[in-house]
Amino acid sequence: MKKLHIAGFLIVFALFVLYPLQAHAEKNVVIDPGHGGSSSGTTGYSGASTGYYEKDFNLEMAEGLREILEKNGYNVHMTRTDDSKLAGSLHADLQARLDLAHEAIEGKNDQSIYISVHSNSLPSNPYMRGYETYYFDIDEGINETYPPDPVQIEYSPESKRLAHTMHQNILAGTPLWEGRGIIPSDLYVTRNAHMPAVLLEFGYMSNPTEEALIKTSSFQEKAAASVLKGVDEFFSVFEVYEYDGNRVKVFENKEQAIDYAKSMESAYVFDKFNQEKIYDGAVKRYGVYHSSDRSVNETFFTKDEAIAYAEDFENVRVVDNELGRVVWSDYLEKDYEVEHSSQGVIYEAYDFESAFNYAKKWKNTSVIDRNKDQVVWSNYLDEDFAVSHTEKGLMKTFYREKEAIAYAENWESTKVTHTESNKVVWSNDTPEYNYSFKTTTLAGEDRIQTAIEVSKQLYPNGLDGEKTVVLATAFEFADALSAGPLAAQLDNAPILLNRKDELSADVLKELSRLNTEKVVILGGENALSAQVENDLKQHFVVERLAGKDRIASNLEINKGLSNVEGVFVASSRSFPDALEASSIAAAHGWAIVLTDKDEISQESLNYLNGREVAILGGTAVVSEEVEETLIESNGGDQVTRLSGANRYETVAAALDYFEDDMRSSTVLAATGQNYPDALTASAISARTNAPLILVGDELNPTIEKQLSEYGSENVVDELQVIGAVIDKNSRNEMVNHLN
Ligand SMILES: [Zn+2]
């Protein structure tokens, strides 16, 4: 959904082919039903009495052909779709057909073909019968009376190849006999088309048997299927191009094409059927990477070589570094599928972008997010199912009924309407429900007291699960920062804050009220002293997670996290970016790795390897060098940067990315000027999925916009402000946007 559209850049994984590929619609087929209007073509054996002329057969045949070609992914252009001529004179009419064709293919002449559909006649001999294929052949020389277009001269070898694939498949797939065979000729359309071109004569209408045969729908279906086969076969080749776009050679065999290209200075191989570059002599674009260490790190010229290499290892992926997509993996999940309305699943992909790029080349396709079992894009379904709330009105629209209902179930007083019929298909109406918005504040006299207030709200009756509490410094952000993800993993432990030198009596009191058994201290003795640790040991089991400095402490804490799905990389010097991450990371099982601006440690890199990485903030806080190092280590598909013009916009970018998962009737707000309030709030996010908004002196416009959107897509009925720093104006504005 939105997350996917705006942030396809984050989980950029890749596509995977299910079936031997059917065609992409980058390929053009121009179908030219011969004659039309006053030009009826041959009258045939019985046309004079039945009124069924060649022009009628040509159009029927062409329509069937169009349908089957489009179903199989070709772009089809028709020179006529009704019983009419394009111009008065014969030549003007034929030239008009070519003009139309040349315009329709939009310069993609190399990836287009022209098929003219006819039926033959020899009135002098009603016994003459059989199928014939016509094309222009430069090897037969140039007829001065009917000179060919120079462009067709270039395409002549390909026209010949097309004539052969047509001829064989039509003879094999229909009951027609062979007439006079494959015939090089100077027909107007075949000698002047700016692309490979053929003219097909489906039998002789002057022969009563064949005339009767080709009029049947069963014949026309077989003939169309045979033409499709011929077209598929024509496109099933591997073209070697020079970089200036000059096509050097065409191969039926992929390996031969690659070998040939390798023998050239600089060339690439184009898989014509799948319409993709499969080898490029300039770049080893396919990388093989291991999921969790750097033991495997190789690049290759071709996908096949990379996969063959990767198959000898476990937990590896092959990344197309040019497109930034995983193309093969033995451990990643293919979370997206492309579904065709009649053919079912035709493609599986690791990420939305790849699925989308594939799906949009077809008609009647949808992209489905398998995890959510939800249609996230479609070119034929409409978002016909609307979820609305009794008092808030329209919230969101969906492609499928079940998805709309699943969404509506999150709140009371919602209903699902099928917008086209205006029928309510599901309702969650509770008449006594009254929508009202409230603003609450959780704040103590200082940051330490505020943390205690948050803890009280989270666990009013003391801890119910694991009886562990995380204790962080109230004054040194870097040491405190990792608290969010850690607390989330410790059964949503509360986060309490303390000053460095002595244990606060109020903290001790809260620990007792919670029935705490174990306290995890974050950071070294510079953050929380040995004295604090000893005081705690009088009452609880104590564990300290610390390293020699802030970055090492952070790593130490991260090592204790299990099932980490992704990692935020944030500056160790600038807290606001990391702060927002703390809340999201806590709610999503992500970790936060701190780094210096210009260099990231090898130990951190090892920790990050194989995981999805989101850099927080611009290059002023985490440099391009660090980003490049991360890409080198993890592959381009695994690294992105979430940043905005300032700290609040970075927050917005991060929230936007995770929006679909942060769904709650409560929105949290804390100051972005310092860290403790937001840090303790991350414990609430972890437990309730409530998004946390950071607020400065005034509301940032990007955040305002985001609040409005969130407010319209969710029934938000509470703004909870953590800490006493946010002023009344900002609160009121937030409420206005959310309402
Ligand atoms: Zn004809």
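Residues numbered from 1 in each chain as written. Predicted model: local features only at pLDDT ≥ 70, side-chain atom pairs only at ≥ 80, totals over all residues. Heavy atoms only, no water.

(A) Summary view of the sheet that holds strand 21 (residues 393–398). A sheet is described by the order of its strands in space; here four strands give the open sequence 21-20-22-23, paired in antiparallel fashion. Looking at which strands have only one partner, the edges of the open sheet turn out to be strand 21 and strand 23 (423–427). Strand after strand, the sheet turns through a mean of 30 degrees between neighbouring axes, direction not considered. Alignment of strand 22 (residues 414–418) against strand 23, held across four bridges, turns out to be antiparallel. Directly across from Lys415, in strand 23, lies its bridge partner Ser427. (Pairing = 2+ DSSP bridges. Helix = DSSP H or I, 4+ residues; strand = E, 2+ residues; numbered from the N terminus. Axes fitted to C-alpha atoms, helices over the stretch in contact; angles between N-to-C directions.)

(B) Structural context of the packing of aromatic side chains. Counted under the stated rule, the structure contains 19 aromatic pairs. The interplanar angle of 15 degrees and the centroid separation of 5.5 Å between the aromatic rings of Tyr241 and Tyr268 together place this pair among those described as stacked. Of this pair, Tyr241 sits in strand 8 (residues 238–242) while Tyr268 sits in strand 10 (residues 267–271), and the two are 27 residues apart along the sequence. Judged by relative accessible area, which is 16%, Tyr268 ranks as buried. Every member of this aromatic cluster is reached through a ring pair, and the members are Phe57, Tyr131, Phe202 and Phe219. Lys27 extends its terminal NZ or CZ atom over the ring of Phe273, reaching a point 4.0 Å from the ring centre. Its guanidinium or amino end placed over the ring of Trp177, Arg129 lies 3.8 Å from that ring's centre, counting from NZ or CZ. (Phe/Tyr/Trp six-rings, centres within 6.5 Å; stacked < 30°, edge-to-face > 60°. Buried < 20%, exposed > 50% of the residue type's maximum accessible area, 1.4 Å probe, protein only. Lys NZ or Arg CZ within 6 Å of the ring centre and 35° of its normal.)

(C) The pattern of salt bridges, seen in detail. Inspection of the entire model under this criterion finds 32 salt bridges. Here Arg400 ties to Glu403 by a salt bridge, and the two come within 2.7 Å at their closest N and O atoms. One salt bridge in this structure joins Glu627 and Arg641, with 2.9 Å as the shortest N-O distance. Taken as a pair, Glu627 in helix 21 (residues 624–634) and Arg641 in strand 32 (residues 639–642) lie far apart in primary sequence, 14 residues in all. For the pair Glu627 and Arg641, a shared accessibility class is recorded, and that class is buried. (Salt bridge = Lys/Arg side-chain N within 4 Å of Asp/Glu carboxyl O.)

(D) Molecular detail of the coordination of the zinc ion. The protein atoms donating to the zinc ion are His35 (NE2), Glu54 (OE) and His118 (ND1), with metal-donor distances spanning 2.2 Å. Every donor residue of the zinc ion comes from the same chain, spaced as H-x18-E-x63-H. A residue pair is termed long-range when its members are at least 10 positions apart, and Glu54 in helix 3 (residues 54–71) and His118 in strand 4 (residues 112–120) qualify at 64 residues. For the pair Glu54 and His118, one class covers both residues: buried. (Donors = N, O, S within 2.8 Å, 3.2 Å for Na, K, Ca; no water.)

(E) Region of interest: the pairing of strand 26 (residues 495–498). Both faces of strand 26 are covered, namely the face carrying Ile495 and Leu497 and the face carrying Leu496 and Asn498. Bridge count for strand 25 (residues 468–473) against strand 26 is four bridges, and the pairing is parallel. Among the inter-strand pairings, Leu471 is bridged to a residue of strand 26, identified as Leu496.

(F) Seen up close, the sheet that holds strand 9 (residues 247–251). Across the sheet, four strands lie side by side as 9-8-10-11; this open sheet has antiparallel pairing. One side of each edge strand has no neighbouring strand; the edge strands of this open sheet are strand 9 and strand 11 (276–280). Taking each pair of neighbouring strands and ignoring which way they run, the sheet shows an average axis angle of 25 degrees. For strand 8 and strand 9, the ladder comprises four bridges, and the chain directions are antiparallel. Looking across to strand 9, one finds that Tyr241 is bridged to Arg247.

(G) Broad picture of the nonpolar core. One finds Val470, Leu486, Leu522, Leu536, Phe568, Leu630 and Leu719 to be the most contacted residues of the largest nonpolar core, which totals 122 residues. Of all hydrophobic cores here, the second largest spans 35 residues; its members include Val117, Phe202, Ile214 and Ala223. (Core = buried A, V, L, I, M, F, W, Y, C linked by side-chain atoms within 4.5 Å.)

(H) Molecular detail of the environment of Val425. Along the chain, Val425 falls in strand 23. It is 53 Å that separates the C-alpha atoms of Val425 and Lys509, two residues lying 84 residues apart in sequence. Dropping the residues within four chain positions of it, Val425 is found in contact with Phe385, Glu401, Val416, Thr417 and His418. (Contact = heavy atoms within 4.5 Å.)

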